[in-house]
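# Coordinate inspection notes
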Amino acid sequence: MPRSGRIILLLLACLAIVTASLLPAGPGARRAAAEGNLLENPAFQPPVDDAWTLNGLEPDGDAFRLTLDRATVSQVAPAAPGNRYDASVRISGQTGVTARLRLEFWKTEGPIAAATVSSPEYQLSANLRLDVMTPSAPPGTLFAMFVIELRGQAGATVGLVEASLVESAGNPTPTPTPTPTPAATATPTPAADGDAGAGDDGPGGAPGAPTPTRTPTPTKTPTPTKTPTPPRVSTPRPTPTMPPTATPTLPPGSASGGLLRNGDFEVVQSGRPAYWSKVGGELRASSDAYEGRYAGCLDSDTSSTKWLYQAVPVAGGAWYEAVAWAAASGGDAFLRVTWYTSADGSGTGGDQADSDPASGGWTRLATGPLQAPPDARSARVRLMLRPGSAAATACFDDAWFGEVAEPPPTPTPTPRATTAPTTAASGAASTPKPSPTPRSSSRGQSPPAPPVQAQAAGPSSGSLRITEFMSDPPETGRDAPYEWVELFNPGPGDVDLAGWVIADAASSDTLPSLVIPAGGYAVVAGAAAKFDPAVPVVRVPDGEIGNGLGNTGDVLRLRDPAGRVVDELSFGARTDVFDPAPPAPEAGETLGLRDPLAEPDPGLWAVTSRPTPGEPNLFPARQSGAVAGATSAGPAASPGARPAGTLRVEEGSGGGSVVPWMVLGGLAGISVGMIGAALARPIRRFLERRRKSPPPSGSGGPPAAS
């Protein structure tokens with residue numbers, strides 16, 4: 001046989017071995033406790049780690065004990081695009097421990113951050129139930145990740161009672177119906193609004209009573225579609241930009257914001273608008289709304305620009321528009337749309353456009369029609385606050401972003417012959433006036449003049465950026481003397497650190513003089529941290545940065561000599577600045593900024609390949625499309641999370657899961673060598689579990705509805 005033929009047979013044999021190792025073990029395979037539940041071992045019967053991945057906690061008799069102050073319990077389950085998924089878990093425990101349920105959707109490249117949904121975070125009680133749902137899994141979905149997040153003192157115990165993940169048909173696109181005539185009732189009936197509010201009676205939900213002020217004008221109500229196109233309105237009117245859709249795209253109680261979820265801010269969880277992430281400031285729900293019950297408000301006590309945001313999918317070359325109502329005091333509010341080549345708003349943004357700013361009472365903001373660049377796959381829609389002083393607030397309501405029709409080209413006026421202007425004093429009266437530049441005051445009109453690019457809290461002349469830090473040094477003993485923070489000077493001129501202040505969440509330190517040249521680095525360090533002699537180092541006067549950086553999370557702020565916050569971030573358990581925040585690094589690791597020239601973004605922070613104080617950061621290869629925020633009811637898949645390879649695709653003991661078959665299907669076009677690399681860890685764990693004794697019988701069905 002030719003050598004090429006032997007190689008082909010060998011490759012086919014390897015593939016057969018991989019396939020055979022993933023076959024179900026037979027009728028004794030462990031299955032979910034109730035028909036329709038996608039989770040293995042939903043009652044958490046021992047051995048729990050056969051089906052569940054435990055991080056930061058361990059079994060302790062019939063309960064579980066936290067070994068860290070932050071812990072997760074997770075499981076991978078099959079999922080398919082377009083289907084609906086309802087997740088729930090019942091937990092019991094002691095006061096002082098909080099819990100949150102998160103449901104992530106993954107594709108082959110990694111988590112689809114914009115599709116992550118989370119419950120509010122609640123204190124544990126005797127029988128706490130957490131629920132989340134998504135009406136339609138996004139395109140490209142391959143798996144769902146069911147994650148229970150726990151926070152509390154190490155040593156605290158919790159009881160994991162029962163979990164459920166149920167799949168059903170997704171929300172279909174509503175059948176088009178004729179626009180109601182003026183004789184029809186324009187105001188939604190109380191019964192319809194009551195249905196929309198059902199399910200919001202629990203903690204964090206909004207009352208289900210209808211709001212009579214949401215009365216769309218019948219002749220201007222577009223037929224609801226899955227991605228509605230807004231009508232072309234000639235004059236702004238004090239009505240919602242988009243009326244509620246017939247089939248809600250959120251847990252009941254929220255109107256549509258086009259591609260935005262909870263655009264009307266009516267879904268409130270733990271006092272905050274759900275599905276919105278933020279950078280800087282304090283986010284809260286306010287009853288001082290433009291319409292309806294709630295608005296989303298961002299409070300600032302520093303001068304840096306802050307914003308709420310969501311990441312949404314877009315099609316390159318298509319036209320979109322962002323609209324919202326805003327009221328601002330102590331600063332300006334405006335909208336910003338930034339295009340990304342990634343599928344989920346991760347990485348460094350490209351072109352962006354802003355609306356005109358507004359301050360004072362409720363004002364309609366609109367970007368006008370914007371064309372997505374040809375290579376754009378997603379956009380971040382930001383509701384911005386630019387403080388004019390330290391204390392500022394911006395509230396937003398009825399935000400909408402979606403695809404619109406391409407605007408007609410603006411005709412170029414034909415120049416008319418004119419006589420040469422005179423040079424007399426009265427010449428101004430005889431000089432022809434230039435034609436006014438068309439300005440868009442409502443959707444569908446000609447695009448506005450080139451948008452104003454607002455200065456975010458990014459780099460500027462004379463500014464510095466925090467680009468890397470070591471919060472959990474590998475040395476034994478107290479960490480603080482060994483901690484360090486790297487600074488970078490992106491500006492055109494040198495910066496002297498004399499009078500600058502570095503702070504954590506608890507205290508601050510004024511820095512001594514050290515000149516950082518343009519494009520250069522310097523390290524602010526504790527008294528015992530050691531570096532290469534070539535690294536410029538400035539030691540904090542008391543030998544410790546702030547109060548010592550927290551290993552599980554903290555805040556870092558950099559102020560210039562005038563007291564202005566030039567750069568800031570939060571990580572781990574702290575969401576003061578970034579919410580969701582990038583993860584806290586492990587001992588000996590550093591968290592680094594991928595692009596020091598970009599505006600602040602939690603998705604640009606990640607664990608580095610190795611510490612590089614005083615040098616550009618190094619990162620593991622990042623799978624495209626992986627990323628806070630983004631768009632979730634709570635923390636999305638954490639920005640800067642470790643590579644997607646950490647996903648554990650595992651069988652229950654004895655097989656029976658369809659996940660391995662989905663893996664093989666997704667990898668059908670990849671070489672056998674790639675298959676072996678991708679499946680090595682799951683196969684090993686599968687074979688190990690297969691040798692274990694049969695599991696105990698399952699428990700009852702999923703928890704009853706609250």
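All values derive from a computational prediction rather than experimental measurement. Each chain has its residues counted from 1, running along the sequence as written. This being a predicted model, a pLDDT of at least 70 is required before a residue's local features are given, and a value of 80 or more before pairs of side-chain atoms are given or counted; all residues contribute to the totals for chains, interfaces and linings. Calculated side-chain values reflect all of the structure's heavy atoms, with hydrogen atoms and water omitted.

## A closer look at the overall build of the protein
Helix and strand labels come from DSSP, where a helix needs a run of H or I of at least four residues and a strand needs a run of E of at least two; each type is numbered from the N terminus. Helices and strands together make up the secondary structure of the protein, namely five helices and 37 strands. Here the term buried applies to any residue with accessible area under 20% of the maximum for its type, exposed to any over 50%, and partly exposed to those in between, with areas from a 1.4 Å probe on protein chains only. Here the protein holds 706 residues, and 51% of them are scored as buried. The accessible surface values rely on the Shrake-Rupley method and a 1.4 Å probe; as for residues, cover is taken only from the protein chains in view. Accessible surface, the protein: about 29,800 Å² in total, of which carbon and sulfur atoms supply 56%.

## What to know about the confidence of the model for the protein
The pLDDT value tells you how sure the predictor is about a given residue, anywhere from 0 up to 100. Taken over all residues, the pLDDT of the protein has a mean of 73, while the share at 70 or more is 63%. We call two residues in contact whenever any of their non-hydrogen atoms come within 4.5 Å of each other. Long-range and interchain partners of residues 624-638, a stretch whose pLDDT sits below 50, account for 75 contacts in this model, where long-range means more than four residues apart. pLDDT under 50 marks residues 640-706. Its contacts with residues more than four places away, or in other chains, come to 128 contacts.

## Details of the state of the cysteines
Criterion for a disulfide: a pair of cysteine sulfur atoms within 2.5 Å. A full pass over the atoms with the stated rule returns one disulfide. One disulfide in the model links Cys297 with Cys395; its S-S distance is 2.0 Å. Judged by the torsion about the S-S bond (105°), the Cys297/Cys395 disulfide is right-handed. With Cys297 in strand S17 (residues 295-300) and Cys395 in strand S24 (residues 392-403), this pair connects stretches of sequence that are 98 residues apart. For Cys297, a relative accessible area of 0% corresponds to the buried category.

## Thoughts on the pairing of strand S12 (residues 157-168)
Strands are labelled as partners when DSSP assigns at least two bridges between them. Strand direction decides the pairing type here: strand S3 (residues 63-66) and S12, joined by two bridges, are antiparallel. Bridge pairing in S12 places Arg65 opposite Thr157. Sheet topology note: the strand S5 (residues 84-93)/S12 ladder contains 10 bridges and is antiparallel. For Ala87, the partnering residue across the bridge sits in S12 and is Leu165.

## A few points about the pairing of strand S10 (residues 128-134)
Of all seven residues in S10, five are buried; the element is thus mostly enclosed. Pairing between S5 and S10: seven bridges, direction antiparallel. For Arg90, the partnering residue across the bridge sits in S10 and is Arg129.

## A few points about the pattern of salt bridges
The term salt bridge refers to a side-chain nitrogen of Lys or Arg lying within 4 Å of a carboxyl oxygen of Asp or Glu. A full pass over the atoms with the stated rule returns 21 salt bridges. One salt bridge connects Asp131 with Arg129, and the closest N-O pair in it is separated by 2.9 Å. Arg293 is paired through a salt bridge with Glu266; the nearest N and O atoms lie 3.1 Å apart. In this pair, Arg293 sits in the loop between strand S16 (282-286) and S17 while Glu266 sits in the loop between helix H2 (190-197) and strand S13 (268-269), placing the two residues 27 residues apart along the sequence. One continuous salt-bridge network, built from bridges that share partners, spans Arg100, Arg102, Glu104 and Glu149.

## Thoughts on the sheet that holds strand S33 (residues 553-559)
Across the sheet, which stays open at both edges, the four strands sit in the order S29-S28-S33-S34 with antiparallel pairing between neighbours. A strand with exactly one partner marks an edge of an open sheet, and here the two such strands are strand S29 (508-510) and strand S34 (565-572). Taking the axes of each pair of neighbouring strands and ignoring which way they run, one obtains an average angle of 10° across the sheet. Sheet analysis places strand S28 (residues 501-503) next to S33, joined by three bridges and oriented antiparallel. Bridge assignment links Val501 to a residue of S33, and that residue is Arg559. Axis geometry follows a simple rule: fit a line to the C-alpha atoms, using only the stretch in contact for helices, then measure angles between N-to-C directions, giving values from 0 to 180 degrees.

## Topic: the nonpolar core
We define a nonpolar core as any set of buried Ala, Val, Leu, Ile, Met, Phe, Trp, Tyr and Cys residues linked to one another through side-chain atoms lying within 4.5 Å. In terms of nonpolar packing, the biggest core is built from 42 residues, with Phe44, Trp52, Leu103, Phe146, Ile148 and Leu165 touching the most fellow members. At the level of elements, S3, strand S4 (70-78), S5, strand S6 (98-107), S10, strand S11 (143-151) and S12 are the ones that each hand at least two residues to this core. Look past the residues within four positions of Ile148 in its chain and what remains in contact with it is Phe44, Ala71, Thr72, Val73, Val89, Ile91, Arg100 and Leu101. In terms of nonpolar packing, the next biggest core, distinct from the first, is built from 38 residues, Met384, Ile502, Val524 and Leu604 among them.

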